[in-house]
Amino acid sequence: MTTRELTALQAALTAEHAAVYGYGVVGGRIADDRQDEARSAYDGHRARRDHLRRVIRDLGGTPQPAAAAYTLPFAVPDSEAAVRLATELEQRVAGVYADLVRATEGTRRGDAAAALREAALRASGWRGGGVAFPGLAERAVPAAPTPSGSPQETP
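Residues numbered from 1 in each chain as written. Predicted model: local features only at pLDDT ≥ 70, side-chain atom pairs only at ≥ 80, totals over all residues. Heavy atoms only, no water.

(A) Broad picture of the overall build of the protein chain. When helices and strands are tallied, the protein chain shows five helices and two strands. Listing the helices and strands of the protein chain from first to last along the sequence gives α-α-α-α-α-β-β. Expressed as a percentage of the 155 residues in the protein chain, the buried residues total 35%. Here the contacts in the protein chain between residues at least 6 apart in sequence split such that 70% fall between residues at least 24 apart. Accessible area for the protein chain stands at about 8600 Å²; split by element, carbon and sulfur atoms hold 53% of it. (Helix = DSSP H or I, 4+ residues; strand = E, 2+ residues; numbered from the N terminus. Buried < 20%, exposed > 50% of the residue type's maximum accessible area, 1.4 Å probe, protein only. Contact = heavy atoms within 4.5 Å. Areas by Shrake-Rupley, 256 points an atom, 1.4 Å probe, with all protein chains shown as cover.)

Right, dumping it as structure tokens:
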């Protein structure tokens, strides 16, 4: 195990702590017809969080504790905002798992890739469509047409 790997594992744990917190907010605002989806995501993030804690301990590290609260990226007054928050949470989690894939090898890399896939699928479900390179922030921005007709990333 390298310092880089442990740092990436801690970052993934921090992201999972934030996702668990965020899904508490999502669950309080999401429409009834999407409650099961939110509950499933919440449970999935709790399971990933607990797994990461065990891995970090097994590697001789001390798992980062959860913060008492997390700053949300925007206000979540209704179900529409809750869906946007769920999408944002999944995109952020996918990003840290992409970093973890790069920092690990073997079984831990496979676990990180599986977590990246899960986050990408959940984000796609919340968003209503996928992105070409989940977990890569520079590729998550939708392309906008230019006057020449070729795609260009939006700022």
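The rest of the description comes next.
(B) The arrangement of empty space enclosed by the protein in detail. This model, assessed by the stated rule, comprises one cavity of 30 Å³ or more. Looking at the largest cavity, its volume works out to about 80 Å³. Taken together, Leu 9, Arg 48, His 51, Leu 52, Val 55, Tyr 97, Leu 100, Arg 108, Asp 111, Ala 112 and Ala 115 make up the lining of the largest cavity. Elements supplying a minimum of two residues to the lining of the largest cavity: helix H2 (35-58), helix H3 (79-103) and helix H4 (106-127). Grouping the amino acids of the lining of the largest cavity by side-chain chemistry returns seven nonpolar, one polar and three charged. (1 Å grid on protein atoms, 1.4 Å probe; cavity = no way out; pocket = protein on both sides within 12 Å on 5 of 7 lines; lining within 4 Å. Points joined across faces, edges and corners; volume = space filled by probe spheres on them. Nonpolar A, V, L, I, M, F, W, Y, C, P; charged D, E, K, R; others polar.)

(C) View of the packing of aromatic side chains. Counting across every chain of the model gives two aromatic pairs. Across the ring face of Phe 74, the terminal group of Arg 84 is positioned such that the distance to the ring centre comes to 4.9 Å. (Phe/Tyr/Trp six-rings, centres within 6.5 Å; stacked < 30°, edge-to-face > 60°. Lys NZ or Arg CZ within 6 Å of the ring centre and 35° of its normal.)

(D) Molecular detail of the pattern of salt bridges. Tallied over the full model, the rule gives 11 salt bridges. Notably, a salt bridge pairs Glu 5 with Arg 108, separated by 2.4 Å at the nearest N-O pair. Here Glu 5 is found in helix H1 (residues 3-29), whereas its partner Arg 108 is found in helix H4, with 103 residues between them in sequence. Overall, Arg 108 belongs to the partly exposed group, its relative accessible area being 28%. Linking Arg 84 and Glu 80 is a salt bridge whose minimum nitrogen-to-oxygen distance equals 3.9 Å. Taken together, the residues span about one helical turn, with Arg 84 and Glu 80 both in helix H3 at a distance of four residues. Looking at Glu 80, the relative accessible area reads 59%, which means it is exposed. Among the charged side chains, a network of salt bridges with common partners joins Arg 49, Asp 50 and Arg 53. (Salt bridge = Lys/Arg side-chain N within 4 Å of Asp/Glu carboxyl O.)

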